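A look at the structure
So you can see what is in the structure, the chains are spelled out below.
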Amino acid sequence: MECKQNISWSYTDARSLYDLPFNDLLFRAQCVHRENFDPNHIQMSELLNIKTGGCPEDCGYCSQSVHNGSRLKATRLMKADEVIANAKQAQARGATRFCMGAAWRSLQPRDEMAIVEMIKEVKALGLETCMTLGKLSSEQALSLSQAGLDYYNHNIDTSECFYPQVTTTHTFRDRLDTLDHVRRAGMKVCCGGILGLGETVKDRIDMLLTLANLPVPPESVPINMLMPMPDSRMADVPPVDSIAFVRVVALARLMMPSSYVRLTAGRANMSNETQTLCFLAGANSIFIGDTLLTASNPDKNSDNDLMHRLGMTHDQKQTSISKV
Ligand code: SAM
Ligand code: SF4
């Protein structure tokens, strides 16, 4: 699935879509969605924390940062056989992609061989592979790509202007540099952000502009709703309005018509109706599994029940109308 290079978006154009009457915005998003995807198909991924806690970065939302008062116990990198066992269970639950995340500032040379081994063994199961390990150098991106890694996740989280309010220990530019290394190494890009950090509507639209105006937009765009982590710097930010959340999903669909838009963290706090409106707006991927790194996630039964009630399916292979 190759994301098309597209027109470059202006803030004015994006904002005029965002401000449409809700029904008009969703109608347009659903039409564009249908031009690019089967509207009743949901791609399912599962995310495993292969190294928990103790991260030296100060991302204000994150329970794994040493700067946030979380009492999370830091662990060492998980052994490959335990990762593979988790991957097999995820596959049995219907996941087609297995994502492995580490609470690191960046990939350390001492861990590179173990990570390469994990990629090869998960890929050998027939799963798509994704890693999210923090910053990468161009050499590291190449070595992960040569190991067969399909996707690399590295979220920009918000707008460039608001980013310093979220994190001070690395820059928005650092994030974009890693995305560039990933793209040049031939891997697919998974990049999105979080709503509910205290950002403005303009910040949310600017975040989508950055993504949609990349030379090649991300193949996968995770949209998170902040899961307030106790003791974290952003624990008390007022929750994002669910209609505004759906508007951002619809705008992501319109601005990146051939990307997978993934409902990521926060689904556990969303009503079924909000999730359903997000699917109508063009979201077509979710994470399954009871936890998302350290956050709760709807369990398999509630996901299956919602998919059944909506008549939505997930196949073993990702299919879409215009691309296979
Ligand atoms: N350490 C790696 C990094 O920072 O790139 C891995 C990040 S891991 C995929 C966590 C991602 O999930 C973050 O980039 C953020 O977008 C999202 N996330 C983390 N904590 C969250 C929370 N409390 N609520 C919502 N999204 C969260
Ligand atoms: Fe570290 Fe990633 Fe959490 Fe930021 S989001 S504190 S880089 S684990």
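A brief structural summary. (Residues numbered from 1 in each chain as written. Chains lettered and ligands numbered in written order. Predicted model: local features only at pLDDT ≥ 70, side-chain atom pairs only at ≥ 80, totals over all residues. Heavy atoms only, no water.)

This next bit is on the environment of Ala29. When you line up the elements, Ala29 lands in helix α2 (residues 22–36). A relative accessible area of 0% places Ala29 in the buried class. Discounting residues that sit within four places of it in the chain, Ala29 has contacts with Ala250, Arg253, Leu254 and Ala281. (Helix = DSSP H or I, 4+ residues; strand = E, 2+ residues; numbered from the N terminus. Buried < 20%, exposed > 50% of the residue type's maximum accessible area, 1.4 Å probe, protein only. Contact = heavy atoms within 4.5 Å.)

Let's shift gears to a negative patch on the surface. A grouping of Asp81, Glu82, Glu117 and Glu121 is seen on the molecular surface, where their side chains present a negatively charged patch. Within the secondary structure, Glu82 is located in helix α3 (residues 80–92). For Glu82, a relative accessible area of 41% translates into the label partly exposed. (Patch = residues over 30% accessible without salt bridge, like charges linked within 9 Å, V, L, I, M, F, W, Y side chains within 5 Å. Areas by Shrake-Rupley, 256 points an atom, 1.4 Å probe, with all protein chains shown as cover. Salt bridge = Lys/Arg side-chain N within 4 Å of Asp/Glu carboxyl O. Lys, Arg positive; Asp, Glu negative; His and termini not counted. Charge placed at Lys NZ, Arg CZ, Asp CG, Glu CD.)

Before going further, it helps to spend a moment on the site of ligand 1. Among the 18 residues in the neighbourhood of ligand 1, the closest are listed as Thr132, Asn155, Asp157, Arg175 and Met227. Within the contact set of ligand 1, an oxygen atom lies 3.0 Å away from a side-chain nitrogen or oxygen of Asn155. Between ligand 1 and Met227, the relevant distance is 2.9 Å, taken from a nitrogen atom to a main-chain nitrogen or oxygen of the residue. Coverage of ligand 1 by the protein chains reaches 88% of its 570 Å² of free accessible surface. Across the shell around ligand 1, the residue classes tally to 10 nonpolar, six polar and two charged. (Near = heavy atom within 4 Å. Polar contact = N/O pair within 3.5 Å; in protein donor to acceptor, adjacent residues only side chain to side chain. Nonpolar A, V, L, I, M, F, W, Y, C, P; charged D, E, K, R; others polar.)

Let's shift gears to unusual backbone geometry. One non-glycine residue, Asp157, lies in positive phi territory at about 70 degrees. We note that Asp231 has phi near 70 degrees; this positive angle belongs to a residue other than glycine. For Asp231, a relative accessible area of 40% translates into the label partly exposed.

All right, on to the pattern of salt bridges then. For the structure on display, the rule yields 13 salt bridges. In this structure, Asp206 and Lys202 form a salt bridge, with 2.6 Å as the shortest nitrogen-oxygen distance. In this pair, Asp206 and Lys202 are both assigned in helix α8 (residues 201–212), four residues apart and thus about one turn of the helix distant. Residue Asp206 is classed as buried on the basis of its relative accessible area, which comes to 16%.

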